[in-house]
There are 2 protein chains.
Amino acid sequence: MFSMKFKKPGGVRDFLPESTRIKRDIENKIYRIFSTWGYQEVLTPSFEYLETFLMGNSFEFGEKIFKFFDRRGRVLALRPDMTTPIARLVSNHYENVEFPLKLCYFSNVFRFEDHRGGRQNEMFQAGAELIGWNEIDADAEIITLAIKSLQEAGIKNFKVNIGHTGFWEGILKSERTSEKEKDALKSSLLNKDFVTLKEIIKNLSINKHNKALLLDITKLHGGIDVLNEAEKVSENEISKKAIRELKRLAEILAYYGVEEYITFDLGLMRDLDYYTGMIFEGYTPGLGHPVCGGGRYDNLIEKFNGVKPATGFMINIDGVLKVLERIQCKNEASKDILIVYNENSVGEGVEKALDYRNRGYTTDIISEKQMGKLSDEIKNIYKKIIRV
Amino acid sequence: MFSMKFKKPGGVRDFLPESTRIKRDIENKIYRIFSTWGYQEVLTPSFEYLETFLMGNSFEFGEKIFKFFDRRGRVLALRPDMTTPIARLVSNHYENVEFPLKLCYFSNVFRFEDHRGGRQNEMFQAGAELIGWNEIDADAEIITLAIKSLQEAGIKNFKVNIGHTGFWEGILKSERTSEKEKDALKSSLLNKDFVTLKEIIKNLSINKHNKALLLDITKLHGGIDVLNEAEKVSENEISKKAIRELKRLAEILAYYGVEEYITFDLGLMRDLDYYTGMIFEGYTPGLGHPVCGGGRYDNLIEKFNGVKPATGFMINIDGVLKVLERIQCKNEASKDILIVYNENSVGEGVEKALDYRNRGYTTDIISEKQMGKLSDEIKNIYKKIIRV
């Protein structure tokens, strides 16, 4: 009888040796970059109280969270992102530690997704958080670090879209719009549902100029000239300040030599609600979702009683892996040495195996009896077979 | 108002940078050893169907498992160990792949534990599984690999206790004992509850010789002479075969040069139910629970429709970390370079930072404005501060 207990659940995956090797290699390369940029790794629990994750996010986001109970009936949740736990960690452990606090992580996160489209319920991320620096300079460092990390991991062809929550929030704040209208607008932008977006904007009780601006927001997408154009049409101080920040950001990114990767997109929206400034997402051909993303979140740590501005990003490791698996030739497993011993030579075999291993050779050792079970295919993965 | 959402749950921990650095270092060292010994890393989902984990374990063990529901009401569980998922993975992906299959992992596992005694609900393990080889030679490789891994990770003072499920199972099988009696006996041995153990043995309907043997089983603990003694008093073929295997094991372990770490303990019991032969646990002073453990599990993969004998072990990474944190001097965080720029020199600062980072120096860069916020303590972690 077939039973589900023999299978893994849908939406989560096994990593066999070849994929795991590439994944480890990607993470090691990113770790090296993070280290030289001064970021120190931390690790938080896989689950926390559900309420912790709802601090910076909407109730709707909560529906995507895996929940369960502890022994005392409190609701625990598998972490759906790493920025919130790090905000909690910083407020718990760094009350008196000063700027600059530069933390990074390599962690899995969990979200209920419709996995029929290939989305995973368990995802692997690498990320960095720069805490305590409220200038746009910090955002420039974060975006550049994301770009350098992708390059180092082996992704060559990608673009980073940069937006700013202040631009459209400025428009809405200058008018009488409800939280509900704001959320509906964000949600339709996020889902790129332009029909609904149009409908929502039509029904907003805002002036004609702002209506036209919001209707065209997705067209404000391109190079520096987009910022100049947005500056001209902005009428409120919050939107103007956002554009000034992005112009300075563009300047610093040019110093970092990464301008070729950058486009601006004032209609960009992220699926987490805690962002308060610059936001960005990276895309690479053939991947249906962002390969990296992040932004400024100046209020999140404060909600946990910390008082620090912060900016950060995550790299979608599964996405990087998917791209690399496609472009790299499938390396057949290969090992250096196979030592085969008989009933009386186990001592000699063991000695040889220890010696080869000490010298860094990948070495297997088996008995003559087991050797009989080996197919030619398996024998061929060894560079050298030694009988003792 | 204080709220639990500001805190992490009990029984799980944050790893701050210093601990995370040591943990990563431990895992990298063990990974290197695993690789040269021919083990290839795999990764399984953090959760699977609850039923999967109950395949090789008792219902009582199931009480320690964190459970939750998927969208269709099926019970999922956070993995309480890694051997069961690897058995499931092997049967799903390696139906036609031959011996030798040597897999390893670096993963967290989850168990409800009474965390007031310092036990964690989320634990980190490194482990290796040698699949398809039914000779005791494979067990010798696994035990030696565990010892080499502990040494490489920096643990100097430890002992490995080796037992065999066949020894006491042989005694019970030769008599009329119920499964319930057998479980009670195992449970009291596992918990080292010798009062209950005595009571249970007294009430068993087995012969006087076997009763005396079981009562004294915990005294069969020591060097090779213990095996000779056990051989003399064993009356059934299963127990005798177990002892013969352990004697051959001792011989091969001597070839591997690890005999100084070994003791035999015929009363040894492991907290997982799937073992079918040699079992072992490693102990190091100051750690209340084993620093490593494992054994042979020839039936587990078969239960998933695979047909392979197997042996393996795990290293308790949290335990290794705890020992190392105690013996290593607390390294204060130190960074190489801090670059400070003013309003007009951001370009020059960025250029210098990129250059130092490319050359492998850990480098931070901040604006003059942010520099004003730095305490002397923070300034002192840099070997060099450069103003541009």
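See above for the structure.
It should be emphasised that the depicted structure is a prediction, and the values quoted were computed from it without experimental measurement. (Residues numbered from 1 in each chain as written. Chains lettered and ligands numbered in written order. Predicted model: local features only at pLDDT ≥ 70, side-chain atom pairs only at ≥ 80, totals over all residues. Heavy atoms only, no water.)

Caption draft 1: Molecular detail of the overall build of chain A. Looking only at helices and strands, chain A features 16 helices and 15 strands. The principal-axis extents of the C-alpha atoms in chain A amount to approximately 90 × 50 × 45 Å. Across the 388 residues that make up chain A, the buried fraction comes to 60%. Nonlocal contacts in chain A, meaning residues at least 24 apart in sequence, comprise 71% of its contacts between residues at least 6 apart. Per element, the accessible surface of chain A, about 16,300 Å² overall, is 49% carbon and sulfur. Taken together, the 57 basic and 57 acidic charged side chains of chain A have centroids lying 4 Å from each other. (Helix = DSSP H or I, 4+ residues; strand = E, 2+ residues; numbered from the N terminus. Buried < 20%, exposed > 50% of the residue type's maximum accessible area, 1.4 Å probe, protein only. Contact = heavy atoms within 4.5 Å. Areas by Shrake-Rupley, 256 points an atom, 1.4 Å probe, with all protein chains shown as cover. Lys, Arg positive; Asp, Glu negative; His and termini not counted. Charge placed at Lys NZ, Arg CZ, Asp CG, Glu CD.)

Caption draft 2: Just unusual backbone geometry, in detail. Of note, Lys192 of chain A is a non-glycine position whose phi angle comes to about 50°, a positive value. Counting through the fold element by element, Lys192 of chain A comes out in the loop between helix H7 (179-190) and helix H8 (194-203).

Caption draft 3: Fine view of the side chain of Lys102 of chain A. Checked against the element boundaries, Lys102 of chain A lands in strand S5 (residues 101-110). A polar contact of 2.9 Å, which involves the side chain of Lys102 of chain A, links it to the backbone oxygen of Trp37 of chain A. Ignoring anything within four residues of it in the chain, the contact list for Lys102 of chain A reads Trp37, Gly38, Tyr39, Gln40, Glu129, Leu130 and Glu141 of chain A together with Lys335, Arg357, Thr363, Asp364 and Ile365 of chain B. (Polar contact = N/O pair within 3.5 Å; in protein donor to acceptor, adjacent residues only side chain to side chain.)

Caption draft 4: Broad picture of helix H10 (residues 224-233) of chain A. Residues and elements named next belong to chain A. Within the span of H10, buried status applies to Val226, Leu227 and Ala230. Along the long axis of H10, the arc covered by the buried residues comes to 100°, so they all point the same way. Along H10, exposed side chains directed more than 90 degrees from the buried face belong to Asp225 and Lys232. Next to the buried residues of H10 lie helix H6 (165-173), strand S8 (221-222), helix H11 (237-255) and strand S9 (262-265). (Arc of directions from axis to C-beta.)

Caption draft 5: Spotlight on the pattern of salt bridges. In total, this model carries 56 salt bridges over all chains according to the counting rule given. Salt-bridge contacts for Arg248 of chain A lead to Glu251 of chain A; the nearest nitrogen and oxygen are separated by 3.0 Å. On the criterion of helical spacing, the pair formed by Arg248 of chain A and Glu251 of chain A is a turn pair, its members being three residues apart in helix H11. On the accessibility criterion, Arg248 of chain A (24% relative accessible area) is partly exposed. Its salt-bridge partner being Asp139 of chain B, residue Arg296 of chain B comes within 2.9 Å of it at the nearest N-O pair. Of this pair, Arg296 of chain B sits in strand S11 (residues 292-296) while Asp139 of chain B is found in helix H5 (residues 136-153), placing the two residues 157 residues apart along the sequence. Summarising the burial analysis for this pair, Arg296 of chain B and Asp139 of chain B share the class buried. Linked through salt bridges whose partners overlap, the residues forming this network are Lys335, Arg357 and Asp364 of chain A together with Lys102 and Glu141 of chain B. (Salt bridge = Lys/Arg side-chain N within 4 Å of Asp/Glu carboxyl O.)

Caption draft 6: Here's a closer look at the pairing of S5 of chain A. Residue and element names in this part refer to chain A. With ten of ten residues buried, S5 is to be regarded as a mostly interior element. Of the pairings in the sheet, the one linking strand S1 (residues 40-41) to S5 comprises two bridges and is parallel in character. The residue of S5 that forms the bridge with Glu41 is Cys104. Bridge analysis of S5 against strand S6 (residues 122-131) gives ten bridges, and the strand direction is antiparallel. Following the sheet pairing, Phe110 is matched in S6 by Glu122. (Pairing = 2+ DSSP bridges.)

Caption draft 7: Quick peek at the packing of aromatic side chains. Under the definition given, this model contains 33 aromatic pairs over all chains. Between Phe15 of chain A and Phe124 of chain A, the aromatic rings sit 5.4 Å apart at their centres with planes inclined by 90°, giving edge-to-face as the arrangement. Remark: Phe124 of chain A occurs in strand S6 and Phe15 of chain A occurs in the segment before helix H1 (17-36); sequence separation between them is 109 residues. Using a relative accessible area of 1% as the deciding quantity, one classes Phe15 of chain A as buried. An angle of 50° between the planes, with centres 6.0 Å apart, marks the rings of Tyr31 of chain B and Phe106 of chain B as tilted. A residue pair is termed long-range when its members are at least 10 positions apart, and Tyr31 of chain B in helix H1 (residues 17-36) and Phe106 of chain B in strand S5 (residues 101-110) qualify at 75 residues. Taken together, the ring pairs connect Phe47, Phe66, Phe68, Phe110 and Phe112 of chain A together with Phe47, Phe66, Phe68, Phe110 and Phe112 of chain B into an aromatic cluster. The lysine or arginine in question, Arg13 of chain A, covers the ring of Phe15 of chain A, its NZ or CZ lying 3.9 Å from the ring centre. Above the face of the Phe106 of chain A ring, Arg24 of chain B is positioned so that its terminal group lies 4.9 Å from the ring centre. (Phe/Tyr/Trp six-rings, centres within 6.5 Å; stacked < 30°, edge-to-face > 60°. Lys NZ or Arg CZ within 6 Å of the ring centre and 35° of its normal.)

Caption draft 8: Local environment of the relation of the copies chain B and chain A. Turning chain B through 180° and shifting it by 0.0 Å along the axis lays it on chain A, with an RMSD of 0.0 Å. Expressed as a symmetry operation, the mapping of one chain copy onto the other fits a two-fold axis. Taking the C-alpha atom as reference, chain B places Phe68 of chain B closest to the rotation axis, 2.7 Å from it. The share of interface residues of chain B whose copies in chain A are also at the interface is 100%, consistent with both copies meeting through the same surface. (Least-squares fit on C-alpha atoms with pLDDT ≥ 70 in both.)

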